[in-house]
Amino acid sequence: MATYYIDTNDFTTATSIWTNSNLTVKAADGFYQQDGFYREMSGGELLSSTICPACAIPCGGTINATDLSEGVYYLNVNLGSPTGAVTIRFNPFSFPDGILAVYNSTVYNGVSSPNYGWLQGTAGLATYIGSETAPCSPTIVTNSPYTLDEFQYDGTSFAALGTDTTVTILSGQTELTPSNPGNTVMVIPKSAASPSILNLSFIGPCSGTVFNISVACPAALPSFDSSTMSATSTLACADAIDQTYYVAYVNGSGGTLGLYDLVFSDPNGEFKLAEGFYKTNDAGANEWYQVDANGVVIAFGSCAIPCGGEITGSGSQGVYYLETNVGTDVGAIVVRFDPISIPDGILATYNSVNYNGVSSPLYGWLQGVIGDPTYIGAIDGDCGIVAGSPYTLNEFEYNGSTFVSLGTTTSVLVSAGQMELTALPPGNTVMVIPKIAASPSLLNLEFIGVCGDTGFTIDITCPVALPSFASSTGNGDSASACAATPTETYYVAYVTGSGGVLGIYDLVFSDPNGQFKLGSGYYKTTAAGANDWYQVDFNGVIIAFGTCP
């Protein structure tokens, strides 16, 4: 083994290498190594130092560091040659600790906390995270120098290097939080086979410090479907989901985005998503998510409008989508749909069940093929719909104020069994959807305008118990009903009736949620004005009234 001499006590800071103690004869140019660092000497001058790959631990493991003294702790990780995102998870528990990562000469010091979101101090310096309530947190004096011992992880533990360094904690470096920030996440992109070494530093200004650190090997981030960025949630809700983006989970998992997740446009985690609002199908019950300037998901929401208001739709041929948030209350959701005169299809979906039957104030029950939209409107308003022929229609979605084009089309096939056109416009028809549990809260409706210049109004009431009335049970004829006694309490969704008085084509039920329609037959009641009995068809619709002798 050759003996060489340097002009400092530290190989990493030396300027050159000599073959004699007088430092008069320089060693030959080439590569030299000491204590796990190697440097190239060129033209008699030492170039920058690099950790030896063999001295770095492999990626993919977790290190639990406990009861450490004050110090600076170095960890070098060999990422190998694969490309992808390097996901680092660092948990300081409550003790304030600084974290700094260097890869390919780029410094990384920002993390996303599962409890507080993005934490990042002064660029290029370690970011100190931990709890404000930790015993030593109040003792940290910013802008004051700390002389700390240095330690290097050797594959088993952090071993003392026998050296110290001076650390000054600037006020801009501290990102302490009211409580433990949790297992924070940092993403470092690795887009090439080399370099392979990641250098990490942890600065513990407090005695007894503790932290966990795990460094995953480079891998493509999980993908999810999304729209492009919009300036508001309303605009995002009207946008098409036509992009593939990528996520480093912080609170999310298994294909579902979570709060404070880190999102990117590439699988390596190199390009953060721009600040703004996006639409997605991968956020559980939520449909839009908001991203801040750091590429962190900071909010979620539903595209559904609240129930309880009337909406007017008009425009060209198209399929018009409406998502309504019906909340957590239980009861009957009453949908009132008026297609005016031009035929329109209607289909409602709640809790994976399709509803397509309505009661018209002029014609009673109108329902086409089960599970498909029912087309209602005036016969003379028909634009010549050809049953069995496909129609390519533009798609629109309601954004809270109007139906906005999604920029997409869909093919619609109208069968003869879906057509329930009437001699005159059917009027403000009524559909009842039972909601018997707090969730789900999303009601989806679609209206299909095959004809041009379509127009309609739609009103969706929030879930509430239907009005009640006194009645007998069902009978086979009016004479038997007249002999019966109104001992039952039934419920009504008014179509032509109101204020406690039943009307023709009203929908009647045995429960306040509108789940169970009354069976066909004759009933006696005190809630039909001058009439004594009413007749119900097999759709639960009142089709006749009469008086008892």
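Structural data are supplied above this passage.
This report concerns the structure included in the present document. No experiment lies behind these values; they were computed from the predicted model shown. (Residues numbered from 1 in each chain as written. Predicted model: local features only at pLDDT ≥ 70, side-chain atom pairs only at ≥ 80, totals over all residues. Heavy atoms only, no water.)

## Details of the overall build of the protein chain
Piece 1. Assigned secondary structure in the protein chain consists of two helices and 45 strands.
Piece 2. Over its C-alpha atoms, taken along the principal directions, the protein chain stretches across nearly 130 × 50 × 35 Å.
Piece 3. The buried share among the 549 residues of the protein chain stands at 50%.
Piece 4. At a minimum sequence separation of 6, the contacts of the protein chain that also span at least 24 residues come to 66%. (Helix = DSSP H or I, 4+ residues; strand = E, 2+ residues; numbered from the N terminus. Buried < 20%, exposed > 50% of the residue type's maximum accessible area, 1.4 Å probe, protein only. Contact = heavy atoms within 4.5 Å.)

## Thoughts on the layout of surface pockets
Piece 1. In this model, the second largest pocket occupies a volume close to 320 Å³.
Piece 2. Along its surface, the second largest pocket is lined by 19 residues, and Tyr 108, Val 187, Pro 189, Gly 269 and Glu 270 are the ones closest to its centre.
Piece 3. Put simply, the parts of the chain that give the lining of the second largest pocket at least two residues each are strand E13 (117–120), strand E17 (184–190) and strand E22 (262–264).
Piece 4. Examining the composition of the lining of the second largest pocket, we find that four residues originate from one element, E17, more than from any other.
Piece 5. Here the lining of the second largest pocket is composed, by residue class, of nine nonpolar, seven polar and three charged. (1 Å grid on protein atoms, 1.4 Å probe; cavity = no way out; pocket = protein on both sides within 12 Å on 5 of 7 lines; lining within 4 Å. Points joined across faces, edges and corners; volume = space filled by probe spheres on them. Nonpolar A, V, L, I, M, F, W, Y, C, P; charged D, E, K, R; others polar.)

## Focus on the state of the cysteines
Piece 1. Enumeration according to the criterion identifies five disulfides in this entry.
Piece 2. Covalently, Cys 136 is tied to Cys 206 through a disulfide, its sulfur atoms 1.7 Å apart. Taking the sign of the torsion about the S-S bond as the criterion, the disulfide between Cys 136 and Cys 206, at about 85°, is right-handed. On the criterion of sequence distance, the pair formed by Cys 136 in the loop between strand E14 (127–129) and strand E15 (145–153) and Cys 206 in the loop between strand E18 (197–204) and strand E19 (209–215) is long-range, its members being 70 residues apart.
Piece 3. By relative accessible area, Cys 206 is classed as buried at 3%.
Piece 4. Cys 482 shares a disulfide with Cys 548; S-S distance 1.9 Å. On the S-S bond that ties Cys 482 to Cys 548, the torsion sits near -90°, and the link is left-handed. One end of the pair, Cys 482, is in helix H2 (residues 478–482); the other, Cys 548, is in the segment after strand E45 (542–546), and 66 residues separate them in sequence. (Disulfide = S-S within 2.5 Å.)

## Describing the sheet that holds strand E40 (residues 468–471)
In a beta sheet, neighbouring strands pair by backbone hydrogen bonds and run either parallel or antiparallel.
Piece 1. Reading across the sheet, the three strands line up as E40-E41-E42 and stay open at both edges, with antiparallel pairing between neighbours. Each edge of the sheet is formed by a strand with only one pairing partner; in this case those strands are E40 and strand E42 (507–509). Pairwise comparison of adjacent strand axes, ignoring direction, gives a mean angle of 40° for this sheet.
Piece 2. Sheet analysis places E40 next to strand E41 (residues 488–493), joined by four bridges and oriented antiparallel. If you follow Ser 468 over to E41, its bridge partner there is Tyr 491. (Pairing = 2+ DSSP bridges. Axes fitted to C-alpha atoms, helices over the stretch in contact; angles between N-to-C directions.)

## Things to note about empty space enclosed by the protein
Piece 1. Taken as a whole, this structure holds one cavity of 30 Å³ or more when the rule is applied.
Piece 2. Volume-wise, the largest cavity comes out at about 40 Å³.
Piece 3. Ile 305, Pro 306, Cys 307, Gly 308, Gly 309, Ile 311, Leu 322, Thr 324, Ile 458, Asp 459 and Ile 460 are the residues that line the largest cavity.
Piece 4. The element best represented in the lining of the largest cavity is strand E39 (residues 454–460), accounting for three residues.
Piece 5. When grouped by side-chain class, the residues that make up the lining of the largest cavity number seven nonpolar, three polar and one charged.

## Points about the pattern of salt bridges
Piece 1. For the structure shown, the criterion picks out two salt bridges.
Piece 2. Two residues, Lys 26 and Glu 45, come together in a salt bridge whose shortest N-O distance is 3.3 Å. Linking Lys 26 in the loop between strand E2 (17–18) and strand E3 (30–34) with Glu 45 in strand E5 (residues 45–51), this pair joins segments that are 19 residues apart in sequence.
Piece 3. In this structure Glu 45 comes out as partly exposed when scored by relative accessible area, which is 39%. (Salt bridge = Lys/Arg side-chain N within 4 Å of Asp/Glu carboxyl O.)

## Brief notes about the sheet that holds strand E43 (residues 521–524)
Piece 1. With respect to topology, three strands assemble into an open sheet ordered E43-E44-E45, the strand pairing being antiparallel. With partners counted over all chains shown, the strands left at the sheet margins are E43 and E45, one partner each. Sheet twist, expressed as the mean angle between neighbouring strand axes with direction ignored, is 25°.
Piece 2. Where E43 lies against strand E44 (residues 533–536), four bridges are found, and the strand directions are antiparallel. Looking at E44, one finds that Gly 521 is bridged to Val 536.

## Regarding the packing of aromatic side chains
Piece 1. All chains considered together, the criterion is met by 27 aromatic pairs.
Piece 2. Grouped by ring-pair contacts, the aromatic residues Tyr 73, Phe 90, Phe 151, Tyr 153, Phe 158, Phe 202 and Phe 211 constitute a single cluster.
Piece 3. Here the basic side chain of Arg 39 rests over the ring of Phe 11, its NZ or CZ set 5.9 Å away from the ring centre. (Phe/Tyr/Trp six-rings, centres within 6.5 Å; stacked < 30°, edge-to-face > 60°. Lys NZ or Arg CZ within 6 Å of the ring centre and 35° of its normal.)

## Quick word on a nonpolar patch on the surface
Piece 1. Taken together, the side chains of Leu 362, Tyr 363 and Leu 424 present a nonpolar region at the surface, about 270 Å² in accessible area.
Piece 2. Residue position: Leu 424 is located in the loop between strand E36 (403–413) and strand E37 (429–435). (Patch = residues over 30% accessible without salt bridge, like charges linked within 9 Å, V, L, I, M, F, W, Y side chains within 5 Å. Areas by Shrake-Rupley, 256 points an atom, 1.4 Å probe, with all protein chains shown as cover.)

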